[in-house]
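Chains, contacts and geometry: an overview
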Amino acid sequence: MTPAVIVHGGAGAVPEEEFAARLEVLSRARLAAWEAAAAGDAVAAVVAAVTVLEDSPLFNAGVGSALNREGFVEMDAAVMDGETRACGGVAAVRDVRNPVQLAREVMDSEHVLLAGEGASRFARERGIPACDPASLVTRRQLERWRRARRRGDGEKAGTVGAAVMDSRGRLAAATSTGGMVDKRPGRVGDTPLPGAGNYAEAGLGAASGTGYGEYFVRALATYRAVSALRQHQPQRALELAIAEVAALGGHGGMILVDAAGRSWWHHDTAAMCVAWRDAAGEGASCRR
Ligand code: ASP
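Residues numbered from 1 in each chain as written. Predicted model: local features only at pLDDT ≥ 70, side-chain atom pairs only at ≥ 80, totals over all residues. Heavy atoms only, no water.

Comments concerning unusual backbone geometry
With a phi angle near 60 degrees, arginine 85 is a residue other than glycine that sits in the positive phi range. Take arginine 85: it is sitting in the loop between strand S2 (75-81) and strand S3 (86-93). The exposure class assigned to arginine 85 is partly exposed, which follows from its relative accessible area of 45%. For aspartate 182, which is not glycine, the phi torsion reads 70 degrees and is therefore positive. Looking at where aspartate 182 falls in the secondary structure, it is placed in the loop between strand S6 (171-177) and strand S7 (198-201). (Helix = DSSP H or I, 4+ residues; strand = E, 2+ residues; numbered from the N terminus. Buried < 20%, exposed > 50% of the residue type's maximum accessible area, 1.4 Å probe, protein only.)

A closer look at the nonpolar core
Val7, Leu26, Leu53, Val79, Val90, Leu102 and Val164 are the most contacted members of the largest nonpolar core, which totals 47 residues. With 9 residues, the top contributor of residues to this core is helix H1 (residues 19-38). Ignoring any residue separated from it by four or fewer positions in sequence, one finds leucine 26 in contact with Val7, His8, Gly9, Leu53, Phe59, Cys273, Val274 and Ala275. (Core = buried A, V, L, I, M, F, W, Y, C linked by side-chain atoms within 4.5 Å. Contact = heavy atoms within 4.5 Å.)

So, the packing of aromatic side chains
Per the counting criterion, the structure on display carries 3 aromatic pairs. Between tyrosine 212 and tyrosine 215, the aromatic rings sit 4.9 Å apart at their centres with planes inclined by 75 degrees, giving edge-to-face as the arrangement. The residue whose ring lies beneath arginine 277 is tryptophan 34, and the NZ or CZ to ring-centre distance is 3.9 Å. A cation sits over an aromatic face here: arginine 288 above tryptophan 265, 6.0 Å from the ring centre. (Phe/Tyr/Trp six-rings, centres within 6.5 Å; stacked < 30°, edge-to-face > 60°. Lys NZ or Arg CZ within 6 Å of the ring centre and 35° of its normal.)

Let's talk about the pattern of salt bridges
Evaluation of the coordinates by the stated rule reveals 18 salt bridges. The partner of arginine 97 in a salt bridge is aspartate 55, with the nearest N and O atoms 3.4 Å apart. Pair noted here: arginine 97 is in the loop between S3 and helix H3 (99-107) and aspartate 55 is in helix H2 (residues 42-55), with a separation of 42 residues, a long-range link. Arginine 97 sits in the partly exposed class, given a relative accessible area of 38%. Between aspartate 81 and arginine 170 there is a salt bridge whose closest N-O contact spans 3.4 Å. Of this pair, aspartate 81 sits in strand S2 while arginine 170 sits in the loop between strand S5 (160-165) and S6, and the two are 89 residues apart along the sequence. One connected set of salt bridges, linked through shared partners, spans Glu18, Arg22 and Arg140. (Salt bridge = Lys/Arg side-chain N within 4 Å of Asp/Glu carboxyl O.)

See the structure below:
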């Protein structure tokens, strides 16, 4: 069957002059996902897409991650296989260039979530080399961090994610982030938590969320959206999940692929850049 792929680069305030550059990287991530999805591997597809996005300094994930209160990077990431409901996540990792690849390794271990130093040690065991934490810091995030420190303003957009149905009908989702700028050291957001920032379930859908993570955790936002597919059309399911985040005081966006192989997205923020491809065609946009 025809696969479905949708990727995002975060919901929030994206300056218009950056739309084109972000959409170019998202289109490359979509292609990486599409190739693996066409070969029948949804999990490889979401990991491939998120790896492309983590490698781009434009997004708040991998290289270009937001800095925490003490001025260093701590990243969260997750992968989930809807078919088996297997999932893997890493939290507050400081020295891995592609946290989504480490999350993929955790998925194959006896655990679902590894944090901090233990996650780094597991990375070495699995042959993922340590990177210099300074190599993850971009001038752009350093300036943003200085501004946030002055104004107490944490607004941004740049978390990344992917949702896929492959040619065998298998669903998967992956999400990766540097988290909220100026967060406390040790803070873990919604991204690595199954059902909060990332979720996939066979027969229903796969979803990746972005926004103010604490509210996505409290709303169990991606689980909420995927579960709502039992009663609602996908667009409505996404609206209900983001409305629940908003009712708690947060905001953000979400992408979703349903079991019929269609891609969907919704956000209540000024912008959210996405690229998608499914049986109905392909597209890329920073506003719905
Ligand atoms: N959800 C992410 C977090 O709270 C941030 C984001 O999506 O912008 O860590």
